[in-house]
Amino acid sequence: MKRLLGFYIFSFITLVLPILFPDNYYVTVVGLTVLINISLAVSLNLLMGYAGQISLGHAAFFGLGAYSSAIFTIKYGFSPWTAITFGLLIVFLLSYILSRPILKLKGHYLAMATLGLGIIVHIFFVQADEITGGPDGISGLPTLSIFGFPIDTDLKWYFVFALFMLITVLLSLNIADSRAGRALSAVHGSEIAAQMMGIDTAKVKSRIFVFSALIACIAGSLFAHQQNFVSPESFSFFFSIELVTMVVLGGLGSTFGAVVGAFILSILPELLIVFEDFEVLIFGAILMVIMIFLPEGLFVAIKNKIAYLAFKRYQKEVANATS
Amino acid sequence: MRFNKFLVLFSIISFMMFLGSSSSFAKKPLKIGSFLAVTGPASFLGDPELKTLQMYIEEINAKGGVDGHKIEFVHYDTKGKAKEAKNFVNRLIKKDRVDVIIGGTTSGNTLAVIDIVQRAKVPFISLAGSIKIVEPVKKWVFKTPHTDKMAAQKIFEDMKKRGITKIALITGNGGFDKSGRAQCLALAPKYGIKIVADEQYNNSDTDMTTQLTKIRATDAQAILNFGFGKAPAIVAKNAKQLGIKLPIYESHGVASKKFIELAGDAANGIRLPAAALIVADQLPDTDPQKSVLLSYKKKFEAKYGPVSTFGGHAYDALFIVVNAVKRAGVIDRAKIRDEIEKTKGFVGTGGVFNMSPTDHLGLGLDAFKMIEIQNGKWKLLY
């Protein structure tokens, strides 16, 4: 109970918000973007934060999920759920085949390889216009139904996205506290040391890469159905960078860090819009200030500070009790 | 004393009622929302569009609004990104709660938001080119610019007149280019024209000699370059450098002074279909559009500098909405939509608009003029 206390509070807030404000623009419209970005950031954090493997191509898997949903439902007339399954299959095969050779690389080389992957997938979306509709994308996806229950309003989508996001967060928290999570941390710390302790590092890395890709893929499918539209731009290299920024901003290696990072990066542009032309400047300045003064990430820094203060207080109490 | 207090109370209440009633005299504002690519690669389209809207809305409000309804204008810059366009349209509809939307500078931006406006039932006039926007007809979506299909038709008609039957097509990789290419490929057989080469370039390329060398090796009688931005200027320049003497056709996407500036000498002899705005002073006085065009040109140039046809599309959209609101008499999304659809004989900068339930553009092929660039100037052919 205590281990997941934060998660319960977080779920409660997420699920109560739309009940209190069902018609609020920031909850049911911006909220959808926030929720999907949280899922993506949390899944990327599994790879980047826990396993220490940088990926600049996460948007590719997100895009593949979205495009499979769009292509298989519209061009080939499959049901949305079959299309999602196909998407998962494609992403599974692609990420599994790629994971071994790609994850042999380290540091900048790994970044380059994943970057290449992201760009190749994006070029495919733009250029293969017979299949993907080219730069204009594909519109008119059918409505997604869950157990015969059509998801057709922003409010219903909020709950679908929220549920998916909460499951992702829960999985991520549980992985971190499991044997697999500790193996990942070991890989993050030192691969050679991890191998010495009998961890099959190649397998561990490849597994988490595939897992994180699959979450992004489902997120993509849901996103496509909610938007009713896909175009290459939503899955460009810049979105991958945005996701990396979310993870780093909140704090690498912490699930809730990714949550906080995604929340801030998705909501800030909406709030800063009132500054019009200065929006981008202020946005950049805020990011800079956070990264300069709290390099370990916003959430992690605050958490550490609180823990430090609590420890000081405890020390004082012990000192008082003994004297 | 007691009576006095009562009197004071009474007068306060009646004064407040007066205030309340007088405020209801001021009519509900007409909220127009817009999302344009004012910055980014399509800024040469979005920037004049925004300036046009702002200039005329200011003027309308200074004259007391549309039938007493002041126009409230909300604008967001999409930077040409479809993702931003979607976010902003959601914001316009769900937060700003606008009555009408004018915008979507590029086809990509417009196509991205069609589902949203259709579901929210908000009248939307797009300022983008693609035929896909209004074909098939969508209940809430209209547009004012000429379509790529019309451009292709106009070009092929001109080729037929000159006896050209074999052409080389060269297009970019943007949405406008791809849609235009598809229209050209589909329409060419109807005009008895054979496409002997179909070359493509990236819009960010700085050299197209490879593609043009390939074209030179074919037996094409003319080159058709469907594109916009700086790439067509490079095509024109490279063709001249390679000594290609074939006539070159461009799309309406290059109908701005910038193109002539960029292409320089190489621009001479190039033909393109475009709205009448750029050759307004060459139109015969009997042309109904002439006075509208000259007045728009004068106003815009007095305030901002050289006009382009793109700002004209915004002018057309704004006044179609204003006229529709006048006819509807109330600010109501559904009624405004119905009246937009009934637009008949509206003389705009793009042509004379006659909309109908099956035609949400309302322009005929005669709205396009065939233009040739001569000595660095636009010359109206017909």
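Reading guide: rules and limits
Residues numbered from 1 in each chain as written. Chains lettered and ligands numbered in written order. Predicted model: local features only at pLDDT ≥ 70, side-chain atom pairs only at ≥ 80, totals over all residues. Heavy atoms only, no water. Helix = DSSP H or I, 4+ residues; strand = E, 2+ residues; numbered from the N terminus. Buried < 20%, exposed > 50% of the residue type's maximum accessible area, 1.4 Å probe, protein only. Contact = heavy atoms within 4.5 Å. Areas by Shrake-Rupley, 256 points an atom, 1.4 Å probe, with all protein chains shown as cover. Lys, Arg positive; Asp, Glu negative; His and termini not counted. Charge placed at Lys NZ, Arg CZ, Asp CG, Glu CD. Axes fitted to C-alpha atoms, helices over the stretch in contact; angles between N-to-C directions. Parallel < 35°, antiparallel > 145°, perpendicular 65-115°, else oblique. Left-handed = near helix turned anticlockwise from the far one by under 90°. Nonpolar A, V, L, I, M, F, W, Y, C, P; charged D, E, K, R; others polar. Patch = residues over 30% accessible without salt bridge, like charges linked within 9 Å, V, L, I, M, F, W, Y side chains within 5 Å. Salt bridge = Lys/Arg side-chain N within 4 Å of Asp/Glu carboxyl O. Domains from an automatic or database assignment. Buried area = accessible area lost by both parts, 1.4 Å probe.

Trainee: Give me the overall build of chain B: which residues, what numbers.
Mentor: Within chain B one finds twelve helices and 14 strands. Considering only C-alpha atoms, chain B reaches an extent of 105 × 40 × 35 Å along its principal axes. A burial count over chain B gives 56% of its 382 residues as buried. The contacts in chain B between residues at least 6 apart in sequence include a share of 67% that link residues at least 24 apart. Of the roughly 15700 Å² that chain B leaves accessible, carbon and sulfur atoms contribute 57%. Charge-centre separation for chain B: the mean point of 56 positive side chains lies 4 Å from the mean point of 36 negative side chains.

Trainee: Give a description of the packing of helix α12 (residues 237-250) of chain A against helix α13 (residues 255-272) of chain A that names residues and reports values.
Mentor: Residue and element names in this part refer to chain A. Their axes nearest at 7 Å, the elements α12 and α13 cross at an angle of 120°. Viewed along their axes, α12 and α13 adopt a mutual orientation that is oblique. With respect to the hand of their crossing, α12 and α13 are arranged in right-handed fashion. Contact residues: α12 offers E242, T245, M246, L249 and G250, while α13 offers G257, G261, A262, I264, L265 and S266. Taken together, the residues of the contact of α12 with α13 break down into five nonpolar, five polar and one charged.

Trainee: Can you break down a nonpolar patch on the surface residue by residue, with the values?
Mentor: All names here are of chain A. Together, L5, I9, F12, I13, L17, L20 and F21 give the surface a local cluster of nonpolar side chains, amounting to about 680 Å² of exposed area. Topologically, F21 is positioned in the loop between α1 (5-20) and α2 (25-28). Judged by its relative accessible area of 40%, F21 falls in the partly exposed class.

Trainee: Tell me about the pattern of salt bridges, and name the residues and values.
Mentor: Opposite charge on two side chains allows them to pair when their charged atoms are near. Per the counting criterion, the structure on display carries 23 salt bridges over all chains. Note that A:E191 and A:K106 form a salt bridge whose closest N and O atoms lie 3.8 Å from each other. With A:E191 in helix α10 (residues 191-196) and A:K106 in the loop between α5 (80-103) and α6 (107-127), the pair connects residues that are 85 residues apart, well separated along the chain. By relative accessible area, which is 17% here, A:E191 ends up buried. When the shortest N-O distance is used, the salt bridge between B:D47 and B:K51 registers 3.0 Å. In this pair, B:D47 and B:K51 both sit in helix α2 (residues 43-62), four residues apart, roughly one turn of the helix. By relative accessible area, B:D47 is classed as partly exposed at 27%. The class for B:K51 is partly exposed, based on a relative accessible area of 24%.

Trainee: Requested: an account of the domain arrangement of chain B, with residues and values cited.
Mentor: Residues and elements named next belong to chain B. Here the domain parsing of chain B yields domain 1 (30-146 + 288-364) and domain 2 (149-274). The interface of domain 1 with domain 2 comprises twelve residues on the first partner and ten residues on the second. Here domain 1 meets domain 2 over a buried area of about 960 Å², counting both sides, of which 72% is carbon and sulfur. When the area that domain 1 buries against domain 2 is broken down by residue, the three leading residues are F44, I131 and H146, summing to 43%. Seen at the junction of domain 1 and domain 2, the total is one salt bridge. For K149, the salt bridge is made with E135, and the minimal N-O distance between the two is 3.9 Å.

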